[in-house]
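Below, each chain spelled out in residue letters.
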Amino acid sequence: MFDKLTNDDISTAMDELITCLGVKEETPFLDLIALLKKKDTQGCIQEIAARLLLPIRISLSYVPKDFRPGDTNGFRSSALARTDWTGRGIESITAQVAIPEHLPMFGTSGLQGYTIHVRVSENCNEHPETLVTVMTHELSHVLLRSLYHPKKDSELHTDLVPIILGFRDVIQRGRKTFQNSTSGNVTTTSTTTYGYLTDSQFEFACDKVKGILQRHQHDKKCSLTLVAKVRRKLCRATQ
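Residues numbered from 1 in each chain as written. Predicted model: local features only at pLDDT ≥ 70, side-chain atom pairs only at ≥ 80, totals over all residues. Heavy atoms only, no water.

Below, the discussion takes up the overall build of the protein. Within the protein one finds seven helices and six strands. Secondary structure elements in the protein, listed N-terminal to C-terminal, are α-α-α-β-β-β-β-α-α-α-β-β-α. Sorting the 239 residues of the protein into buried and exposed places 42% on the buried side. Across the protein, contacts joining residues at least 24 apart in sequence account for 71% of those joining residues at least 6 apart. Surface summary for the protein: the accessible area is close to 13,200 Å², and the carbon and sulfur share equals 52%. (Helix = DSSP H or I, 4+ residues; strand = E, 2+ residues; numbered from the N terminus. Buried < 20%, exposed > 50% of the residue type's maximum accessible area, 1.4 Å probe, protein only. Contact = heavy atoms within 4.5 Å. Areas by Shrake-Rupley, 256 points an atom, 1.4 Å probe, with all protein chains shown as cover.)

Quick look at the structure:
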């Protein structure tokens, strides 16, 4: 379905979100990866929520990495994972966020420290960038729901939120994982893609955000120069 969307469709969806969310410069992600390498998955997801401006509290639990979508103790679906043409993607990283029906509205005191239950597969730390990619999508569902956004149930809009809010670089690294298998002299590479956007749609969305940011870089630079000048004047006046 998503591969039939045009760039105009993507651009329109982004404009609908930017009107509400604005755009953010790229967020540093190496500290997020460092937390995962230290097995602090809870801390990483909590920080992702904070960077999405969600003042929530994350309650984390795990399910076996070899779960199947219909398992009682597993996830209800495999969420973002899309396999390659062979249909394989055994080592996929999966996450599920339970969103209550009556989620407090964004900006209200009720959302402060509100507990959101997150479940991730046990192998989540094997591909740190991919886990961050998956979690930015899942928590974007929470953000749009808390904003009561008219497109809160749209997977397209949800996929675009992290791109708009500064997670472009880490998603670029984490949206695909590769697994090699060898049979005799033949090596086959299976690709698992996370997210609903095609490669070209993802690149278009990133370029659109970069273009918006570049247009404001000059204004930002001039403003910072003015602020520095005012501070020097204030310092002289105080002395």
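Picking up where we left off.
A separate point is the pattern of salt bridges. Scanning the entire structure with this criterion turns up eight salt bridges. What emerges from the salt-bridge pattern is a single network uniting Asp31, Glu47 and Arg51. (Salt bridge = Lys/Arg side-chain N within 4 Å of Asp/Glu carboxyl O.)

All right, on to the packing of helix α1 (residues 7-21) against helix α7 (residues 199-238) then. At a closest axis distance of 10 Å, the pairing of α1 and α7 adopts a crossing angle of 45°. Put simply, α1 runs oblique to α7. Read as a crossing pair, α1 and α7 show a hand that is right-handed. Taking contact as the criterion, the partners of Asn7, Ile10, Ser11, Met14, Asp15 and Ile18 in α1 are, on α7, Gln201, Phe204, Ala205, Lys208, Val209 and Ile212. Its residues placed into classes, the contact of α1 with α7 shows seven nonpolar, three polar and two charged. (Axes fitted to C-alpha atoms, helices over the stretch in contact; angles between N-to-C directions. Parallel < 35°, antiparallel > 145°, perpendicular 65-115°, else oblique. Left-handed = near helix turned anticlockwise from the far one by under 90°. Nonpolar A, V, L, I, M, F, W, Y, C, P; charged D, E, K, R; others polar.)

This part takes up the packing of aromatic side chains. Enumeration over the complete set of coordinates arrives at zero aromatic pairs. Over the ring of Phe202 we find Arg175; its NZ or CZ atom is 4.7 Å from the centre of that ring. (Phe/Tyr/Trp six-rings, centres within 6.5 Å; stacked < 30°, edge-to-face > 60°. Lys NZ or Arg CZ within 6 Å of the ring centre and 35° of its normal.)

As for its position among the elements, Thr41 is in helix α3 (residues 41-51). Those residues in contact with Thr41 that sit more than four places away from it in its chain are Leu36, Leu60, Tyr62, Cys124, Asn125 and Leu131.

General note: in soluble globular proteins, nonpolar side chains tend to be found buried as a group. Met135, Leu139 and Leu160 are the most contacted members of the largest nonpolar core, which has 53 residues in total. Among the elements that make up this core, the one with the highest residue count is helix α4 (residues 128-146) (eight residues). When residues no more than four places from it in sequence are discounted, the contact partners of Met135 are Ile45, Ile48, Ala95, Val97, Val118 and Val120. (Core = buried A, V, L, I, M, F, W, Y, C linked by side-chain atoms within 4.5 Å.)

Positive phi is not limited to glycine here, since Lys39 has a value of about 65°. Residue classification places Lys39 among the exposed residues on the basis of a relative accessible area of 59%. One non-glycine residue, Leu53, adopts positive backbone phi at about 65°. Mapped onto the secondary structure, Leu53 falls in the loop between α3 and β1 (57-63).

The next thing to look at is the side chain of Ser140. Topologically, Ser140 is positioned in helix α4. Ser140 sits in the buried class, given a relative accessible area of 0%. Excluding anything up to four places from it in sequence, Ser140 contacts Leu52, Thr158, Val161 and Pro162.

Next up on the list: the environment of Ile164. Following the sequence through the fold, Ile164 ends up in helix α5 (residues 155-164). For Ile164, a relative accessible area of 0% corresponds to the buried category. The sequence separation of Ile164 and Lys208 amounts to 44 residues, and the corresponding C-alpha distance is 9.2 Å. Ile164 has contacts with Met14, Leu17, Ile18, Gly22, Val23, Lys24 and Val209, leaving out every residue within four places of it along the chain.

Now for a positive patch on the surface. A surface patch of positive charge is lined by Lys229, Arg232, Lys233 and Arg236. Residue placement: Lys233 occurs in helix α7. (Patch = residues over 30% accessible without salt bridge, like charges linked within 9 Å, V, L, I, M, F, W, Y side chains within 5 Å. Lys, Arg positive; Asp, Glu negative; His and termini not counted. Charge placed at Lys NZ, Arg CZ, Asp CG, Glu CD.)

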